[in-house]
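# Structure at a glance
Listed here are the chains, written in short residue letters.
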Amino acid sequence: VATNTKALPRARLVAATEKCDSLEHVLQRIDTPGFDPANLALVEGDVIDLAARARVATIDLGRGERPHCPMFGPDGRLYVTTEITDTVTVIDPRTRAVVDHLPTGQTESHMVALTRDGRRAYTSNVHAGTVSAIDLATKKVLAVIPVARMAQRIALSVDDRLVFTADQEAPRLA
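## Description of the sheet that holds strand 5 (residues 78-82)
- One open sheet accounts for four strands, arranged 4-5-6-7; its pairing is antiparallel. Pairing within the sheet leaves two strands with one partner each, and these edge strands are strand 4 (67-72) and strand 7 (97-103). For this sheet, the mean inter-axis angle between neighbouring strands, taken without regard to orientation, is 25 degrees.
- Relative to strand 7, strand 6 (residues 87-92) is paired through six bridges, and the arrangement is antiparallel. Within strand 7, the position partnered with T87 by the bridge is P103.

Have a look at this one:
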C-alpha cells in the first residue's frame, strides 16, 4: 500500500487504500476534505470502522508476511498479497481468520487484481518483473508472464480481458 493513492488500482468495494502508520494517522486522514471511503478499511492488519473512528479488530497473519493491497473478492473474502511468503493470503472478514494461502510462484508479489467472476487473481511481482495468473478454484499458478525488469501495481480492464502493470524503470505500462 502506498501513500500516493492516485497511482493505486481501485478496489471494487473500497474507494482507495492508503498506508497509515498509526490509528491517529487514520483519524487525521479521514478528516481530510474530500476523503470518502467505504465503511470498512484494512490498514496494516487493523480493521478500522471509519464511521466510529475506531480500530475494531486486528487480523493476525500468524507470521511475518509484509501484507499489501487488500481487496474484497466477489465471494466476500479479503485477498491480500503477502510478499515475504510469495502468496496471496485469503481472509474471512466475518471471523477475521486466515483461511488460505495461494502461491504466486514468484518472489515479492506486491499487488493483486481479481476478476469480477472471482475465478482468477493476478499479482504484480516487483523484482521478478512478472505477473502471475492464479486459478482461485484450483489454487494453481496458470502462468507467469514476464513484463519488465521491475513491475509494480496492477489493474484489470473493465471486461477482465487485459491486465495492466507499471514498469518501475520506464515511463510506461506493461
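From this point on, the discussion continues.
## Comments concerning the sheet that holds strand 10 (residues 130-135)
- Strand order in the open sheet formed by four strands is 8-9-10-11, and the pairing between neighbours is antiparallel. At either margin of the open sheet sits one strand with a lone partner, and together these are strand 8 (109-114) and strand 11 (140-146). In this sheet, neighbouring strand axes are inclined to one another by 25 degrees on average, regardless of whether the strands run parallel or antiparallel.
- In this structure, strand 8 lies alongside strand 9 (residues 120-125), joined through five bridges in antiparallel fashion. Across the sheet, residue V112 finds its bridge partner in strand 9, namely T123.

Definitions and limits used
Residue numbering note: each chain is counted from 1, following its sequence as written. Whole-chain, interface and lining totals are the exception, using all residues; otherwise, since this is a predicted model, local features are given only for residues with pLDDT of at least 70 and side-chain atom pairs are given and counted only at 80 or more. The basis for the side-chain values is all heavy atoms of the structure; hydrogens and waters are excluded. Here the rule is simple: two strands pair whenever DSSP picks up at least two bridges between them. Working definition: helices are DSSP H or I runs of at least four residues, strands are E runs of at least two. Numbering for both runs from the N terminus. Throughout, an axis means a line fitted to C-alpha atoms (over the contacting stretch in the case of helices), and angles, computed between N-to-C directions, take values from 0 to 180 degrees.

Limitation: the analysis is restricted to geometry and does not speak to function.
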